[in-house]
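# What the coordinates show
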Amino acid sequence: MEIQLLGTSAAEGFPGIFCNCDTCQDARKLGGKDIRTRTSALIDGNIKIDFPPDSFLHVLRDGKPITNFEHLIITHTHHDHFYLDDLRMRTPGFATDFGNPLTIYGNQTVVNRCKEKFSSLKAYFNIVLLHAFETYEIDGSKVTPLPADHKPDEESFIYFIEKDNRACLYGHDTGMFPEETFHWLSEQKIDVAILDCTNGLIDEKANHMNIAAIKEINSLFMEKGVFHKDSQIIATHFSHNTGLLHKDLKALLEPNGIGVAYDGMVLTV
Ligand SMILES: [Zn+2]
Ligand SMILES: [Zn+2]
Ligand SMILES: [Zn+2]
């Protein structure tokens, strides 16, 4: 399984689109891994998770092949994960030879919003409602949505994805996992976990996690055998509010065996 991290910031981008705090100013000066776009991941080139407003920028950066996906899994409808207007660009008049209909998977809010938006474009989009803890076969992978602690007015999901005897936990956006998600994951073996680190050192692990929450999950899952010695644990979805640059995050996380995501990072498991 190859997982390409297309973007690794929180909703405002990093540096924040309109922000002049010291961290954002430093990030602009440093460039490189301190420039983060809104989050999305691509698995084996054909299953994409989330469709942020920076998707156009991702294609300019990484090239046309990253648009060849035919399956799009949505975590929740915050705008940094679900920018529906640009999906409309995958229809005649805006694109030619764009391939098979795109299948979009998500919770009831995702389904409702897609149906409303694409009511006259049904030939180009399949829309599939997902239920928590049910496992779906998607293009050779098994995908299980799990409840997240995030955006309580809809059923936000994180995803457990299995392929070729390898398992990935796509763990954001979420605060510390809800009890039933913890319980379900405790029975699994995870080779790569991509986890929400929006809050950095801020003492808050509800709605979004922080470094302490990731460390807690890491040791708990190690103890239970959910993570093994070769599991890759990666923190992502960073906010400028943390005041932490890439080098600061590395210094805080790497000694605990936790990697720091950056835009364009490729994970192979
Ligand atoms: Zn987000
Ligand atoms: Zn800032
Ligand atoms: Zn969110």
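First things first, this report covers the structure right here in the doc.

Cut-offs applied
Residues numbered from 1 in each chain as written. Chains lettered and ligands numbered in written order. Predicted model: local features only at pLDDT ≥ 70, side-chain atom pairs only at ≥ 80, totals over all residues. Heavy atoms only, no water. Helix = DSSP H or I, 4+ residues; strand = E, 2+ residues; numbered from the N terminus. Rg over C-alpha atoms; globule rule 2.2 N^0.38 Å. Buried < 20%, exposed > 50% of the residue type's maximum accessible area, 1.4 Å probe, protein only. Contact = heavy atoms within 4.5 Å. Areas by Shrake-Rupley, 256 points an atom, 1.4 Å probe, with all protein chains shown as cover. Pairing = 2+ DSSP bridges. Axes fitted to C-alpha atoms, helices over the stretch in contact; angles between N-to-C directions. Expected span 1.5 Å × (residues − 1). Arc of directions from axis to C-beta. Donors = N, O, S within 2.8 Å, 3.2 Å for Na, K, Ca; no water. Tetrahedral: all angles 85-135°; square planar, octahedral: opposite > 155°, others 65-115°. Polar contact = N/O pair within 3.5 Å; in protein donor to acceptor, adjacent residues only side chain to side chain. Core = buried A, V, L, I, M, F, W, Y, C linked by side-chain atoms within 4.5 Å. Salt bridge = Lys/Arg side-chain N within 4 Å of Asp/Glu carboxyl O.

With that settled, consider the overall build of the protein. Helix and strand counts for the protein come out as seven helices and 14 strands. On C-alpha atoms alone, the protein measures out to a radius of gyration of 18 Å, which is about the 18 Å that the 2.2 N^0.38 rule sets for 269 residues. Projected onto the principal axes, the alpha-carbon positions of the protein cover approximately 50 × 45 × 35 Å. When each of the 269 residues of the protein is scored for burial, the buried share is 55%. Of the contacts formed within the protein by residues at least 6 apart in sequence, a portion of 64% connects residues at least 24 apart. Summing over all exposed atoms, the protein offers an accessible surface of approximately 11,700 Å²; the carbon and sulfur share of this is 50%.

Taken together, the seven strands give an open sheet; going across it, the order is β7-β8-β9-β10-β11-β12-β13, and neighbouring strands pair in mixed fashion. Sheet topology places β7 (136–138) and β13 (258–260) at the edges, where each strand pairs with a single neighbour. The sheet shows a mean angle of 25° between the axes of neighbouring strands, taken without regard to direction. With five bridges connecting them, strand β9 (residues 157–163) and strand β10 (residues 166–171) associate as antiparallel partners. Within β10, the residue paired with Ile161 across the bridge is Cys168.

Attention now moves to helix α6 (residues 211–224). Along its 14 residues, α6 runs 20 Å from first to last C-alpha, staying within 8% of the 20 Å computed at 1.5 Å per residue. All buried positions along α6 are accounted for by Ile211, Ala213, Ile214, Ile217, Asn218 and Phe221. Looking down the long axis of α6, one finds its buried residues gathered within 160° of arc, a one-sided arrangement. Where α6 terminates, the next one or two residues include Gly225, which has phi positive at roughly 80°.

Here the zinc ion (ligand 2) is held by Cys19 (SG), Cys21 (SG), Cys24 (SG) and His240 (ND1), and the distances to it run 2.0 to 2.3 Å. Coordination geometry of the zinc ion (ligand 2): the four donor atoms subtend angles of 105 to 115° at the metal centre, consistent with an arrangement described as tetrahedral.

Okay, helix α4 (residues 108–117) next. Every buried residue belonging to α4 is among Val110, Val111 and Cys114, and all of these are buried. Viewed along the axis of α4, the buried residues span an arc of 95°, placing them on a single side of the element. Among the residues of α4, the N-terminal cap falls to Asn107, whose side-chain oxygen and the backbone nitrogen of Thr109 are separated by 2.9 Å.

Here we take up the nonpolar core. In this structure, Leu169, Phe177, Leu185, Ile190, Leu195, Ile217 and Phe221 are the most contacted members of the largest nonpolar core, which totals 34 residues. Breaking this core down by element, the ones donating at least two residues are β9, β10, α5 (179–185), β11 (190–196), α6, β12 (227–236), α7 (246–253) and β13. When residues of this core are assigned to their parent elements, the largest contribution, five residues, is made by α6. Not counting the four nearest positions on each side in its chain, Leu185 is found in contact with Leu146, Phe160, Leu169, Phe177, Ile190, Phe221 and Val226. Residues Tyr105, Ile161, Met265 and Leu267 belong to the second largest nonpolar core, which totals 26 residues.

Bound to the zinc ion (ligand 3) are the protein donor atoms His76 (NE2), His78 (ND1), His150 (NE2) and Asp173 (OD), situated 2.1 to 2.4 Å from the metal. Bound by four donor atoms, the zinc ion (ligand 3) shows angles of 91 to 168° at the metal and therefore irregular coordination geometry. Binding-site remark: the zinc ion (ligand 3) is held by donors from one chain whose sequence spacing is H-x1-H-x71-H-x22-D. For the pair the zinc ion (ligand 3) and the zinc ion (ligand 1), the metal-to-metal distance amounts to 3.5 Å, and Asp173 bridges them. Here His78 is found in the loop between β4 (71–73) and α3 (84–87), whereas its partner Asp173 is found in the loop between β10 and α5, with 95 residues between them in sequence. Asp173 gets classed as buried once you look at its relative accessible area, which sits at 2%.

One pass over the structure, following the stated rule, counts 12 salt bridges. Ionic pairing is found between Asp54 and Arg38, a salt bridge with its closest N-O pair at 2.6 Å. Taken as a pair, Asp54 in the loop between β3 (47–49) and α2 (55–62) and Arg38 in the loop between α1 (22–30) and β2 (40–43) lie far apart in primary sequence, 16 residues in all. Here the two residues Asp54 and Arg38 agree in accessibility, since each one is buried. With a shortest N-O distance of 3.2 Å, Lys151 and Asp153 are connected by a salt bridge. Assessed through its relative accessible area of 62%, Asp153 is described here as exposed.

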